[in-house]
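Next come the chains, spelled out residue by residue.
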Amino acid sequence: MIKVDDLTVRYGATEVISGLDLHVAKGEFVTLLGSSGCGKSTLLRTVAGFVPAAAGAVIIDGQDVTRIPPEDRGVGLVFQSYALFPHLDVGKNVAFGLRVKRLSSREVAQRVDEVLETTGLTHFKKAMPADLSGGQQQRVAIARVLVTGPTVILMDEPLSNLDAAMRITLRAEISRLHRELGMTTLYVTHDQQEALALSDRVAVMRNGAFEQVASPDAVYHRPATSYVCEFVGSANRLNDPLSAAFGLPAGDEVRYVRPERIQIGRDLDAGVRATGVVRERSFLGTITHYTVAIADSDIGIMTVSEPGDPIQVGDRVSCGFDAVDVIEVPR
């Protein structure tokens, strides 16, 4: 449905994307994940037609749209800012794109009512944007795109302006809409949890290139590079002294272990163990984070909180994990 073929993008003399390839299948949800400046929004805006390609091609639904203006590409773009018209109510905001297409008033009204029901906004049809919460405004922005029946949906950090609780709520809403409508979606975020929760595949970007394009499970549990392992979630890098402390043989790969895979206690059955001293303890309700000093290095451990946890700062403890939990990536 979306194909990026050997794409190169330049800002002046600076090449920000070089020879990039990506294929998003019909109905697939693919997220571009990366830190600020990695090129993810540039790639999305090039697919949308707002940034010109210096070389390569953008193909949507089998049509080469590389030189076609944005309004003729059949894509819907949800911006980071809601970009609602403040003087129009919700219904008229959603209807705006259909009015531009000069559809009949009857068809406009029918399609607006359908998409308002789909997005849970029926009761807000006559409300003004200023009277809505941030999450409701973003749903209006999504509804305004959906009502036009685009071939693909492009979302550029649509949840970044919301508080944490609202982000989780609207994330679930986007996931529901994707399942029900089968929207082909290219989504941009720097939030790892969003990417893992929403996506069929995640494309981790760095310096205008892909480090890994794979399922969320593969990106987290089987990262292709050190960058992916350290960027997506938390990971303890097992340097040579730490590896030796845990009794791991020397190797050519870079080793990591996730904090939640490490056990902490005084009597452990884990196959790979070392002893250290608790330097920090952070109780976070459902989970507790520990920092343990081992072999002049610190490792992070995350466990499910237990009432009356006896482990405190300064305690000498055993830390262990199963050998299968070690992640190895090329140096």
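Chains are numbered independently. Their residues run from 1 in the order of the written sequence. A pLDDT threshold of at least 70 governs which residues receive local features in this predicted model, and a stricter bar of 80 or more applies before side-chain atom pairs are shown or counted, although totals over entire chains, interfaces and linings include all residues. Values reported for side chains reflect all heavy atoms of the structure, with hydrogen atoms and water molecules removed beforehand.

## Comments concerning the overall build of the protein
Per the convention used, a helix needs a DSSP run of H or I reaching at least four residues, while a strand needs a run of E reaching at least two, with both numbered from the N terminus. Scanning the protein from N- to C-terminus turns up 9 helices and 18 strands. Taken along its principal axes, the extent of the C-alpha atoms in the protein is 75 × 50 × 30 Å. When the accessible surface of the protein is totalled, it reaches about 15900 Å², and 49% of it is carbon and sulfur. The centroid of the 34 positive side-chain charges in the protein is displaced by 6 Å from the centroid of its 41 negative side-chain charges. Surface accessibility in these figures is a Shrake-Rupley result with a 1.4 Å probe; residues are shielded only by whichever protein chains are displayed. Asp and Glu count as negative and Lys and Arg as positive, but His and the ends of the chain are not part of the count. Every charge is mapped onto a representative atom, which is NZ of Lys, CZ of Arg, CG of Asp or CD of Glu.

## Structural notes on the environment of Thr31
Take Thr31: it is sitting in strand β3 (residues 29–33). Residue Thr31 is classed as buried on the basis of its relative accessible area, which comes to 0%. It is 6.6 Å that separates the C-alpha atoms of Thr31 and Arg201, two residues lying 170 residues apart in sequence. The contact criterion used throughout is that any non-hydrogen atoms of two residues lie within 4.5 Å. The residues contacting Thr31, other than those within four sequence positions of it, are Tyr187, Thr189, Ala195, Ser199, Arg201, Val202 and Ala203. Polar side-chain contacts of Thr31 include one of 2.5 Å to the side chain of Ser199. Exposure is judged per residue with a 1.4 Å probe applied to protein chains only, and the accessible area is read against the type maximum: over 50% gives exposed, under 20% gives buried, and values in between give partly exposed. We define a polar contact as two N or O atoms separated by no more than 3.5 Å, with the added condition that, inside protein, one atom must be a possible hydrogen donor and the other a possible acceptor, whereas residues neighbouring each other in sequence contribute only through side-chain atom pairs.

## Section: the packing of aromatic side chains
Aromatic ring pairs are defined here through the distance separating the ring centres and the angle between the ring planes. Side-chain rings of Phe, Tyr and Trp (the six-membered ring for Trp) are treated as a pair once their centres are within 6.5 Å; stacked means planes under 30 degrees apart, edge-to-face means over 60, and tilted covers the remaining angles. What the rule picks out here adds up to 4 aromatic pairs. Between the aromatic rings of Phe29 and Tyr187, the centroid separation amounts to 5.5 Å while the plane-to-plane angle is 40°, which identifies the pairing as tilted. Residue Phe29 is located in strand β3, and its partner Tyr187 is located in strand β8 (residues 185–189); the two are separated by 158 residues in the primary sequence. Accessibility classification places Phe29 together with Tyr187 in one group, the buried group. Aromatic side chains Tyr227 and Phe231 sit 5.5 Å apart centroid to centroid with 10° between the ring planes, which places their arrangement in the stacked category. Pair noted here: Tyr227 and Phe231 are both in helix α8 (residues 226–231), with a separation of 4 residues, about one helical turn. Tyr227 gets classed as buried once you look at its relative accessible area, which sits at 18%. Taking the relative accessible area as the measure of exposure, Phe231 reaches 16% and is therefore buried. Counting as a charge over the ring demands two things of the Lys NZ or Arg CZ atom: a distance within 6 Å of the ring centre and an angle within 35 degrees of the ring normal. Seen from the ring of Tyr220, Arg258 lies directly overhead, with NZ or CZ sitting 4.0 Å from the centre.

## Observations concerning the pattern of salt bridges
Salt bridge criterion: a side-chain nitrogen from Lys or Arg within 4 Å of a carboxyl oxygen from Asp or Glu. Going through the model one piece at a time under the given rule, you end up with 16 salt bridges. Asp325 serves as the salt-bridge partner of Arg261, at 3.2 Å between the closest nitrogen and oxygen. Of this pair, Arg261 sits in the loop between β12 (254–257) and β13 (263–265) while Asp325 sits in the loop between β17 (316–321) and β18 (327–329), and the two are 64 residues apart along the sequence. Residue classification places Asp325 among the buried positions, given a relative accessible area of 13%. Through salt bridges that share partners, Arg167, Asp191 and Glu194 make up one connected network.

## Examining the sheet that holds strand β10 (residues 209–214)
One open sheet accounts for 6 strands, arranged β6-β7-β8-β3-β9-β10; its pairing is mixed. Across the chains shown, the open sheet's two edge strands, defined by having one partner strand only, are β6 (75–78) and β10. Neighbour-to-neighbour, the strand axes of this sheet turn through a mean angle of 15°, independent of strand direction. Two strands pair when backbone bridges link them, and β3 and β8 are joined in this way by 5 bridges, in the parallel orientation. When the sheet's bridge partners are listed, Val30 is paired in β8 with Leu186. We treat two strands as partners when DSSP finds at least two bridges between them. For helices, the axis comes from a line fit to the C-alpha atoms of the stretch in contact; other axes are also lines fit to C-alpha atoms, and the angle between any two N-to-C directions lies between 0 and 180 degrees.

## Notes on unusual backbone geometry
A positive phi angle, near 45°, is found at Glu157, a position not held by glycine. Position of Glu157 among the secondary structure elements: in the loop between β7 (152–156) and α5 (164–181). Non-glycine residue Ala295 carries a positive phi angle of around 50°. Looking at where Ala295 falls in the secondary structure, it is placed in the loop between β15 (287–294) and β16 (297–304).

## A word on the confidence of the model for the protein
pLDDT runs from 0 to 100 and stands for how confident the predictor is about each residue. The predicted model of the protein has a mean per-residue pLDDT of 92, with 100% of residues at 70 or higher. The secondary-structure element of the protein with the lowest mean pLDDT is helix α2 (residues 90–100), recorded at 85, while strand β9 (residues 201–206) shows the highest, at 98.

## So, the environment of Gly182
Tracing the chain through its elements places Gly182 in the loop between α5 and β8. Sequence-wise, Gly182 and Met1 are 181 residues apart; in three dimensions their C-alpha atoms are separated by 12 Å. Those residues in contact with Gly182 that lie beyond four places of it in its chain are Gly27 and Leu177.

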